[in-house]
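Below, each chain spelled out in residue letters.
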Amino acid sequence: MKYILNDEYIELYKLLKVLDLVDSGAEAKLIIADGHVRRNDEVELRKRAKIRSGDVIEVADVVIEVC
């Protein structure tokens, strides 16, 4: 899945919400805090991590390429 970035960055929990991978921001924050999200092959625990063009996010079986 590809996500086209319209700004300089998007916060990680907002990205999950925008792509409808979670039902709410609170759910996104829980998933991140529990270590279920990988950014560029490393576990990302920061809910407000700035996701920029070129980053690859993995949540379960979903791979998101940020362009």
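Preceding block: the structure.
Residues numbered from 1 in each chain as written. Predicted model: local features only at pLDDT ≥ 70, side-chain atom pairs only at ≥ 80, totals over all residues. Heavy atoms only, no water.

1. Brief notes about the nonpolar core
Right, on to step 1. In terms of nonpolar packing, the biggest core is built from 18 residues, with Tyr3, Leu15, Ile51 and Ile57 touching the most fellow members.
Right, on to step 2. Contributing elements (two or more residues each) for this core: helix H1 (12–18), helix H2 (25–33), strand E6 (56–59) and strand E7 (62–66).
Right, on to step 3. Per-element tally for this core: the top contributor is H1, with four residues.
Right, on to step 4. Apart from residues no more than four positions distant in its own chain, leucine 15 is found in contact with Tyr3, Ile10, Ile51, Ile57 and Val66. (Core = buried A, V, L, I, M, F, W, Y, C linked by side-chain atoms within 4.5 Å. Buried < 20%, exposed > 50% of the residue type's maximum accessible area, 1.4 Å probe, protein only. Helix = DSSP H or I, 4+ residues; strand = E, 2+ residues; numbered from the N terminus. Contact = heavy atoms within 4.5 Å.)

2. Considering H2
Right, on to step 1. Listed as buried for H2 are Gly25, Ala28 and Ile32. Seen from one end, H2 has its buried residues packed into an arc of 55°, which puts them on one side. Across H2 from its buried face, at more than 90 degrees, point the exposed residues Ala26 and Leu30.
Right, on to step 2. Residues of H2 that are buried make contact with H1 and strand E3 (37–39).
Right, on to step 3. Following H2 by one or two positions, glycine 35 adopts a phi angle in the positive range, close to 80°. (Arc of directions from axis to C-beta.)

3. Things to note about the pairing of E7
Right, on to step 1. Examined bridge by bridge, strand E1 (residues 2–3) and E7 share two bridges and lie parallel to one another. Paired with lysine 2 across the two strands is glutamate 65, which belongs to E7.
Right, on to step 2. Across four bridges, the pairing between E6 and E7 is antiparallel. Within E7, the residue paired with glutamate 58 across the bridge is valine 63.
Right, on to step 3. Connecting the antiparallel pair E6 and E7 is a turn made up of two residues, with alanine 60 showing a positive phi of about 55°. (Pairing = 2+ DSSP bridges.)

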